[in-house]
Amino acid sequence: MSDAQVRANPPLLEVRDLKMHFPVKEGVFMRTGKYNRAVDGVSLHIGAGETLGLVGESGCGKSTLGRCIARLYQPTAGQVLFEGNDISRLRRKQMMPYRRDIQMIFQDPMESLNSRHTIGYIVEEPLLIQRIGTSAWRKQRVRELLDLVGLPARSVTRYPFEFSGGQRQRIGIARAIALNPKLIICDEPVSALDVSIQSQILNLLVDLQRELNLSYLFIAHDLAVVKHISDRVAIMYLGKVVETATGEELYHSPAHPYTRSLVSAIPVPDPHQQKQRQVLSGDVPSPINPPTGCSFHTRCPRVMEQCREQEPQLIAVSDPEQGVRHRPVSCHLFEADRSAS
Ligand code: SF4
């Protein structure tokens, strides 16, 4: 789904200026002096049936953002609008109906599945919590769900440790779709899997999306992984989104210097094709003491004086390749280009 199509239909999910600041306790008396600004003013939207990829290095705040949207965390500030309703301040009981619509798939299926429960119980549990159906109906529903994710019905009596990593992720997916959700937050769902298994799980997610009209927020640290699955991709750095574009725009004409370095790191399958890799120097700064001005200025190969003092805003810039299309990028380079033209 293109940006224009998303704008034409009201988004299923809209996040407005979301912040999640964790207090940092210091000293003998464990006083709060500083805050970890894990998510620091993120705005994004996802349309029905759309996949938004969310990419950034470890520690950039992408998983925290996913957990704020699923309301596993209470955001510090900002709004999470689901079908137009702000769910960011709802209490546990008020969130119950939305728990049916918003589900999560986690990175490590072994940790997210309770090893003492059978697969049958693990997949049935969301239905039990929401008090849906009779016991016989739920048992039948569990068999259907296992079939949908490619596992045999006899799996119901077995335990998570009896399955491989890929099979365990299939169980996690069966559990996530049990309540017929509209949005699934996929938090690095293939990062812990072998490459051959990764593509099987990605294909399964694509098939389920088509069949069940699901929307995904697909979180990954590897741009190559989200390339095939995402309609649009948001790039996150140190708690902020620095660029959003369609997959094609991003891979063929990345705008932000950080996005360019990520795209340059994607391996090319053709050994004869040369690709110049842009390796970033230095480490990601701490979100407890973020740099002044542009948060990327300590590592940016194109840093200017202005970048050290003034924070760039996420503004629509024209695509260098496509001319008229506009997409949001936060970088002074594009502000300079605009004022010069
Ligand atoms: Fe680099 Fe400056 Fe752009 Fe930040 S604003 S990405 S430091 S050029």
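Everything that follows concerns the structure shown earlier in this document.
This structure is a prediction, so every number in the text was calculated from the model and none was measured.

Trainee: Which parts of the structure should I look at to understand the packing of aromatic side chains?
Mentor: Any aromatic ring pair is given by two values, namely how distant the centres are and how the planes are angled relative to each other. For the coordinates displayed, the defined rule picks out 6 aromatic pairs. Measuring from ring centre to ring centre gives 6.4 Å for Tyr159 and Phe161, while their planes differ by 15°; the resulting arrangement is stacked. By relative accessible area, Phe161 is classed as exposed at 57%. Here the aromatic cluster, defined as three or more aromatic residues joined through ring pairs, consists of Tyr237, Tyr258 and Phe296. Sitting above the plane of the Phe163 ring, Arg158 keeps its charged end 4.6 Å from the centroid.

Trainee: Honestly, the site of the ligand in this entry has me stumped. Any pointers?
Mentor: Around the ligand, a shell composed of His256, Pro257, Cys294, Phe296, His297, Cys300, Arg302, Cys307, Pro312, Cys331, His332 and Leu333 is seen. Of the residues contributing to the shell around the ligand, the split by class is 8 nonpolar, 3 polar and 1 charged.

Trainee: When you look at the nonpolar core in this model, what are you seeing that I'm missing?
Mentor: Proteins that are soluble and globular tend to have nonpolar side chains buried together. Counting 54 residues, the largest nonpolar core has Phe218, Leu223 and Ile235 as its most contacted members. Sequence-distant contacts of Ile235, defined by excluding residues within four places in its chain, comprise Val55, Leu223, Lys240, Val241, Val242, Glu243, Leu250, Tyr258, Thr259 and Leu262. Counting residues in hydrophobic clusters, the runner-up holds 31 residues, among them Leu12, Leu54, Val80 and Val241.

Trainee: How should I be thinking about helix H3 (residues 92–101) in this particular structure?
Mentor: Helical geometry: 3.6 residues make up each α-helical turn, so side chains three or four residues apart lie on a common side. Those residues of H3 not exposed but buried are Met95, Tyr98 and Asp101. Each buried residue of H3 sits inside an arc of 75° when the element is viewed along its axis, so together they form one side. Across H3 from its buried face, at more than 90 degrees, point the exposed residues Arg92 and Lys93. If you follow the buried residues of H3, they end up packed against strand E4 (77–82), strand E5 (85–86), strand E6 (102–105) and strand E7 (183–187).

Trainee: When you look at the pattern of salt bridges in this model, what are you seeing that I'm missing?
Mentor: Counted under the stated rule, the structure contains 17 salt bridges. We note a salt bridge from Glu188 to Lys62, for which the minimum N-O separation is 3.6 Å. Here Lys62 lies in helix H2 (residues 62–69) and Glu188 lies in the loop between E7 and helix H8 (195–212), a separation of 126 residues in the sequence. Judged by relative accessible area, Lys62 falls into the buried class, the value being 4%. Two residues, Arg158 and Glu162, come together in a salt bridge whose shortest N-O distance is 3.5 Å. For Glu162, a relative accessible area of 34% translates into the label partly exposed. Salt bridges here are not isolated pairs; linked through shared partners, they connect Arg37, Asp40, Lys240 and Glu311.

Trainee: How do you make sense of the pairing of E4 when you look at a structure like this?
Mentor: Regular strands place side chains that alternate from one sheet face to the opposite one. Across 5 bridges, strand E1 (residues 13–26) lies against E4 in antiparallel orientation. Across the sheet, the residue bridging to Arg16 is Gln79, located in E4. Note: E4 against E5, 2 bridges, orientation antiparallel. For Leu81, the partnering residue across the bridge sits in E5 and is Asp86. Where E4 folds back onto E5 in an antiparallel hairpin, the turn is made up of 2 residues, including Glu83, whose phi is positive at roughly 50°.

Trainee: Got a minute to help me understand unusual backbone geometry in this structure?
Mentor: Most peptide bonds adopt trans geometry, and most residues besides glycine take a negative phi value. Positive phi is not limited to glycine here, since Arg131 has a value of about 50°. Mapped onto the elements, Arg131 comes out in the loop between helix H5 (119–129) and helix H6 (135–148). Even without glycine at this site, Leu238 takes up a positive phi of about 50°. Relative to the elements of secondary structure, Leu238 occurs in the loop between strand E9 (232–237) and strand E10 (240–246).

What counts, and at which threshold
Residues numbered from 1 in each chain as written. Predicted model: local features only at pLDDT ≥ 70, side-chain atom pairs only at ≥ 80, totals over all residues. Heavy atoms only, no water. Phe/Tyr/Trp six-rings, centres within 6.5 Å; stacked < 30°, edge-to-face > 60°. Buried < 20%, exposed > 50% of the residue type's maximum accessible area, 1.4 Å probe, protein only. Lys NZ or Arg CZ within 6 Å of the ring centre and 35° of its normal. Near = heavy atom within 4 Å. Nonpolar A, V, L, I, M, F, W, Y, C, P; charged D, E, K, R; others polar. Core = buried A, V, L, I, M, F, W, Y, C linked by side-chain atoms within 4.5 Å. Contact = heavy atoms within 4.5 Å. Helix = DSSP H or I, 4+ residues; strand = E, 2+ residues; numbered from the N terminus. Arc of directions from axis to C-beta. Salt bridge = Lys/Arg side-chain N within 4 Å of Asp/Glu carboxyl O. Pairing = 2+ DSSP bridges.

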